[in-house]
Structure formats: C-alpha cells, structure tokens
Amino acid sequence: MSNLETQPAEQVCTAGEQGEGIELLTPRDVPLGGPRAMNVRRTIPQRARSLVGAWCFSDHYGPDDVSSSAGMQVPPHPHTGLQTVSWLFEGEILHRDSVGSLQTVRPGELNLMTAGVGISHSEESPAQARPPRLHGVQLWTALPGSALGIDPHFEHHGDLPVLRADGAVVQVFIGRLAVGGQHLDSPATTYTPLVGAQIDLEPGAEVRLDVDPAHEHALLVDAGDVSFEGSAVPPSNLGYAAPGRPALVVRAGAGAPARAVLIGGLPFAEDVIMWWNFMGRTHEDIVRARDDWMAQIAELDPSGHGGATGYADGAAGRRFGQVDGYPSGPLRAPALPDLRLKPRARPGQS
C-alpha cells in the first residue's frame, strides 16, 4: 500500500523532542483511493514526530473482509528515495514493479522494494483463491543521501529468523535484534542501522528485547492489552522510546494474547521532505520527480474528464519504468501545493 491521498500534505521529516518516558502517538484515519477506499490508521509521519530512526511512514490496516470486494487495488505509481516494507498478519498481496518483479507476499514473509533514483509498482489482492481477510502494516524507510542514486531493486524474503520462548514469539523482518542472548538477523538489505520485528505474546507473557542504547524505538500495537516499558499503548497507537535504553520490555495483559510491531534505528541525521510518494532533500527534488513521472503517463481521454490514464511512448525506458500486467493504467500525481517545500529546523536549531 502506498500514499494515495489526492491532496497530500507536505511532510517535513524531523526527529522530534526526546523525553525520558514513553511518548504516545495516536493514529489518524486516512482513506486511500476515494469513497470505496480502504481506511488505514497512520501514526507516522505526524506533527509531533515524523521519524523513528529511518522509519518515516507507518500505515496499519485491517482486518478487512475482502471476500466479496476487490480488496486492495493500488494502480502503478512512483517512488523515490525510500524503501517500502510490506508486512502482513493475514491475507495476501500481489506486487508488480517496473524492474520486472511479480511476487505475492503472505504472513511471515517480507516484500522489500528499494526505490533509489526511481521505481514504480502496483499492489493488489489476488483475483482468485485469496484469503477472506486482509490485515497488516505498510512501512517506509528513508534512504540516506549516499543511497539516493542507487538503482532500484526488489527483494522477497520468505525465511526470516524467529525466536519462541516463554509465551513470546519474535520474528525479525528487517535489521537485527537480540532476545534472550540470541541475535536475530534478517537477510533484508538496509542502508542505515534498523530493526523491524513482529512480537506475539500469550496472555500475561512478557519479553525483554536487548537493543542498542544509541537507537530510538517505537512499538505499534495491533491487538491486545500491551505495556511498553511499563506504559500502556492502546491498539493502533505507537509508543515511542527515546535513545538511552539498553533493553525494552513488552508485556501482554492477562486477559488476551497480544501482537505488536517494533521499529527502531539510529536517529536519522538528515532532514528530508516527503510529498506524495516521493522523498527528497529539496523542493527541486520533488518537482523534478513529479515532472518526470507525469512525462511518462498520458491521458487516454484528452478532454481530461475522468478518462483512464495510460503510459506515454517510451515510458519503460524512462526514470520510473513501466509496470506490466496491472488491469488499469498508472496514477496521476496530485498537483503540488502553491508554496515552496522546505525542511523545518530540527529541535534545538534556529
């Protein structure tokens, strides 16, 4: 899933203040794709905090009944300067992209797409024999400046490290994490120090996660009565822990099992601008990316009154390539706001 808002706000990604306790970030509901859209619960970016390490985007969706609907349908669209991390609790999503990937992702598997200089992709619920429910998270990470010019690529990982102990199951899908003296290392490619992990707890169970004290972390609760470092984090909320902790404790209430996703990493040192599905460093980066995308697509109805969008001649050889096989054409980019996009100062800066 990607950002399909037709009027996306400028998101200036900065670190936010770092306190001693657990900061609670509440979600906002975002409809994706119009009146029949899926609704997602977005916790980052938001005004209070837009980055956790390099993690810059967190959408939590479902469980949605897709047995009698089209399910997820996200037409081809572009990305720059980031990685998309697709992680499911239930269901299936079929990914297609402009470097030729065609890959279904299922629970316990990772689809990781690195945009680099530019890529386009689509996501859809498989047309036949799909599970009846769709439930998961879509996450993005910001690429550092040193990786902005790399070639786009895609990875699928179906065999990820898992630890089961004392009523807890921890599966690391990206980066590394230590639990009970064992190190869990994902084979996924990263460009900054990161961790992403699913944590499942039986009623009343707790798990201690040994972490790098130089990193910041956040826990997104999917289900259950969960405490994070002694603070309650309600479902769909994100609990943020500043750097300085060598370990983090997650506990489930006695009444029901719990599930959560931990994200974290070294605080991101660069100010970035995120608008629609593009990430850059300057206003000009975003304008150039939008112009390049719009040059690759063409209105099949020249009147502009609701006509389908197709590809321009030679699109496959341009910056964002062409996605083949999706039943409709690519998305138009929204209009840019009538202002100059610029990073805000980080806390403590003038």
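So, a few notes on the structure that sits alongside this text. (Residues numbered from 1 in each chain as written. Predicted model: local features only at pLDDT ≥ 70, side-chain atom pairs only at ≥ 80, totals over all residues. Heavy atoms only, no water.)

**Concerning helix 1 (residues 283-296)**
With 14 residues, helix 1 extends 21 Å from end C-alpha to end C-alpha; this agrees with the ideal 20 Å at 1.5 Å per step. Here helix 1 has its buried residues at His283, Ile286, Ala289, Arg290, Trp293, Met294 and Gln296. In a view along the axis of helix 1, the buried residues occupy a sector of 165°, so they form one face of it. Where the residues of helix 1 are buried, they touch strand 6 (73-79), strand 11 (119-124), strand 25 (272-275), strand 26 (278-280), strand 27 (297-299) and strand 28 (309-311). (Helix = DSSP H or I, 4+ residues; strand = E, 2+ residues; numbered from the N terminus. Expected span 1.5 Å × (residues − 1). Buried < 20%, exposed > 50% of the residue type's maximum accessible area, 1.4 Å probe, protein only. Arc of directions from axis to C-beta. Contact = heavy atoms within 4.5 Å.)

**Thoughts on the packing of aromatic side chains**
The full count for this structure, using the stated rule, is seven aromatic pairs. Centre to centre, the rings of Trp275 and Phe278 are 6.4 Å apart; their planes meet at 25°, and the pair counts as stacked. Phe278 matches Trp275 in its accessibility class, with the two residues each being buried. Residues Trp293 and Phe320 carry aromatic rings whose centres are separated by 5.8 Å and whose planes lie at 85° to one another, so their mutual orientation is edge-to-face. Taken together, the residues span a long stretch of sequence, with Trp293 in helix 1 and Phe320 in the segment after strand 28 at a distance of 27 residues. Exposure class is identical for Trp293 and Phe320. Each is buried. Here a set of aromatic residues connected by ring pairs shows up, and it is made of Trp275, Trp276, Phe278, Trp293 and Phe320. (Phe/Tyr/Trp six-rings, centres within 6.5 Å; stacked < 30°, edge-to-face > 60°.)

**Points about the side chain of His77**
Mapped onto the elements, His77 comes out in strand 6. A distance of 2.8 Å separates a polar atom in the side chain of His77 from the backbone oxygen of Pro75. (Polar contact = N/O pair within 3.5 Å; in protein donor to acceptor, adjacent residues only side chain to side chain.)

**What to know about the environment of Leu194**
Checked against the element boundaries, Leu194 lands in strand 17 (residues 194-201). Distance from Leu194 to Val52, taken between C-alpha atoms, is 9.6 Å for residues 142 residues apart in sequence. The contacts of Leu194, once residues within four sequence positions are left out, are Ala54, Trp55, Thr141, Ile174, Gly175, Arg176, Gly264 and Gly265.

**Notes on the sheet that holds strand 11**
Pairing within the open sheet is antiparallel, and its four strands lie in the order 6-11-8-9. The open sheet has two free edges, formed respectively by strand 6 and strand 9 (102-105), since each of these has just one partner strand. Going from strand to strand, the sheet's axes swing by 20° on average, the running direction of each strand aside. (Pairing = 2+ DSSP bridges. Axes fitted to C-alpha atoms, helices over the stretch in contact; angles between N-to-C directions.)

**Section: the nonpolar core**
Formed by 34 residues in total, the largest nonpolar core has its most connected members in Trp55, Cys56, Val85, Leu110, Phe173, Ile174 and Ile263. Setting aside anything within four residues of it in sequence, one finds Leu110 in contact with Val85, Ser86, Trp87, Val105, Glu155, His156, His157, Leu160, Phe173 and Ala188. In terms of nonpolar packing, the next biggest core, distinct from the first, is built from 28 residues, Val170, Leu201, Phe228 and Leu262 among them. (Core = buried A, V, L, I, M, F, W, Y, C linked by side-chain atoms within 4.5 Å.)

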